[in-house]
Amino acid sequence: MKRKSTTDRFTFYVLLFFITAFAGWLWEVLLFFFTEHAFINRGVYEGPYLPIYGAGGLLLCVLLHRLSQKPLSVFALSMLICTILEYLTSYFLEHKWGIRWWDYSSHFLNINGRVCLLGAVVFGLGGTALVCLFLPFYEKLFERITPGWRKAICLFLLLVFIIDGVCCATRPNTGAGISFSSDHSALFP
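What you see is a predicted model; the values in this text were computed from it and never measured.

(A) Layout of the overall build of the protein chain. Along the protein chain, the regular secondary structure elements total five helices and two strands. Secondary structure of the protein chain in N-to-C order comes out as α-α-α-β-α-α-β. Expressed as a percentage of the 189 residues in the protein chain, the buried residues total 41%. About 10900 Å² of surface is accessible on the protein chain, with carbon and sulfur atoms providing 71% of the total.

Laid out in structure tokens, this is it:
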């Protein structure tokens with residue numbers, strides 16, 4: 001897709017960030033709903049988005065969009081990129097707040113409980129679906145939205161996200177089923 005202006009590129013990526021952040025939130029909420037039989041608002045923020053998925057989605061689209069016709073390459077690189085992102089994010093969150101939002105210690109081939117093989121495979125599949133299937137659809141949909149609406153939607157989403165971020169910078173979402181203290185022995189399913 002040829003985006004003509006800086007504003008078009010900015011709104012394209014902002015909207016993509018929020019779509020993938022929401023998709024990640026929805027994935028985790030549904031996963032925990034079916035495994036724990038409870039609604040758990042996953043993540044540091046209160047809103048219906050997980051920024052790690054938004055950042056991962058942007059990284060994959062920027063770095064891998066040229067490979068959209070090579071799904072095996074996209075799969076392998078998505079596994080690698082998302083695993084590195086998940087590891088670094090886990091380390092940062094635990095260092096910043098002394099809390100783990102996820103712990104894969106009981107999973108096969110985990111690294112310090114921060115990442116595991118199953119998670120990497122799921123991210124590989126998700127990244128492949130994102131880059132090879134969703135991105136072409138999103139590009140067409142994006143073009144159908146008028147520039148004025150794109151800007152308005154982005155402004156609204158960014159304002160909500162910034163307000164949520166400011167609130168969560170001092171009091172992150174750590175409710176039941178969301179996080180573990182760094183010395184806690186409980187494990188995610």
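Moving on from the model shown.
(B) Local environment of the layout of surface pockets. Approximately 750 Å³ is the volume found for the largest pocket. What lines the largest pocket is a set of 35 residues, and nearest its centre among them are Glu-28, Tyr-53, Glu-86, Trp-102 and Tyr-104. Residue assignment for the lining of the largest pocket shows that the elements contributing at least two residues are helix H1 (6-36), helix H2 (51-64), helix H3 (71-97), helix H4 (117-144) and helix H5 (147-170). Residue composition of the lining of the largest pocket, grouped by class: 26 nonpolar, six polar and three charged. Volume-wise, the second largest pocket comes out at about 420 Å³. For the lining of the second largest pocket, the elements supplying multiple residues, two or more each, are H1, H2, H3 and H4.

(C) Structural context of the packing of aromatic side chains. Under the criterion given, the structure shown has 18 aromatic pairs. A ring pair is formed by Phe-12 and Tyr-138, whose centres lie 4.8 Å apart and whose planes are at 50°; its orientation type is tilted. Pair noted here: Phe-12 is in helix H1 and Tyr-138 is in helix H4, with a separation of 126 residues, a long-range link. You'll find Phe-12 and Tyr-138 in the same group, each marked buried. Pairing Phe-22 with Trp-25 gives two aromatic rings, centres 5.8 Å apart and planes at 25°, and the pair type is stacked. Of this pair, Phe-22 and Trp-25 are both found in helix H1, three residues apart, which corresponds to roughly one turn of the helix. We classify Phe-22 as partly exposed; its relative accessible area is 37%. Aromatic rings pair up to connect Phe-12, Tyr-13, Phe-134, Phe-137, Tyr-138 and Phe-142 into one cluster.

(D) How the structure looks around the pattern of salt bridges. Taken as a whole and assessed by the stated rule, the structure comprises five salt bridges. With its nearest N and O atoms 2.9 Å apart, the salt bridge here joins Arg-100 to Glu-94. The pair Arg-100 / Glu-94 is uniform in exposure class, with both members buried. Through salt bridges with shared partners, one network takes in Glu-94, Arg-100, Asp-103 and Arg-114.

(E) How the structure looks around the nonpolar core. Core analysis: the biggest nonpolar cluster contains 36 residues, and Leu-60 and Tyr-138 have the highest contact counts within it. At the level of elements, H1, H2, H3, H4 and H5 are the ones that each hand at least two residues to this core. The dominant element in this core, judged by the number of residues it contributes, is H1, at nine residues. Setting aside its immediate chain neighbours within four residues, Leu-60 contacts His-65, Ser-78, Ile-81, Cys-82, Gly-127, Leu-130 and Val-131.

(F) Geometry of the packing of H3 against H4. Packing of H3 against H4 leaves a shortest axis separation of 7 Å and a crossing angle of 125°. Judged by the inter-axis angle, H3 sits oblique to H4. H3 and H4 meet at a crossing whose hand is right-handed. Residue-level inspection shows Pro-71, Val-74, Phe-75, Ser-78, Met-79, Cys-82, Thr-83 and Glu-86 of H3 in contact with H4, the latter providing Ala-120, Val-121, Phe-123, Gly-124, Leu-125, Gly-127, Thr-128, Val-131 and Cys-132. A class-by-class count of the residues in the contact of H3 with H4 yields eleven nonpolar, five polar and one charged.

Scoring rules and cut-offs
Residues numbered from 1 in each chain as written. Predicted model: local features only at pLDDT ≥ 70, side-chain atom pairs only at ≥ 80, totals over all residues. Heavy atoms only, no water. Helix = DSSP H or I, 4+ residues; strand = E, 2+ residues; numbered from the N terminus. Buried < 20%, exposed > 50% of the residue type's maximum accessible area, 1.4 Å probe, protein only. Areas by Shrake-Rupley, 256 points an atom, 1.4 Å probe, with all protein chains shown as cover. 1 Å grid on protein atoms, 1.4 Å probe; cavity = no way out; pocket = protein on both sides within 12 Å on 5 of 7 lines; lining within 4 Å. Points joined across faces, edges and corners; volume = space filled by probe spheres on them. Nonpolar A, V, L, I, M, F, W, Y, C, P; charged D, E, K, R; others polar. Phe/Tyr/Trp six-rings, centres within 6.5 Å; stacked < 30°, edge-to-face > 60°. Salt bridge = Lys/Arg side-chain N within 4 Å of Asp/Glu carboxyl O. Core = buried A, V, L, I, M, F, W, Y, C linked by side-chain atoms within 4.5 Å. Contact = heavy atoms within 4.5 Å. Axes fitted to C-alpha atoms, helices over the stretch in contact; angles between N-to-C directions. Parallel < 35°, antiparallel > 145°, perpendicular 65-115°, else oblique. Left-handed = near helix turned anticlockwise from the far one by under 90°.

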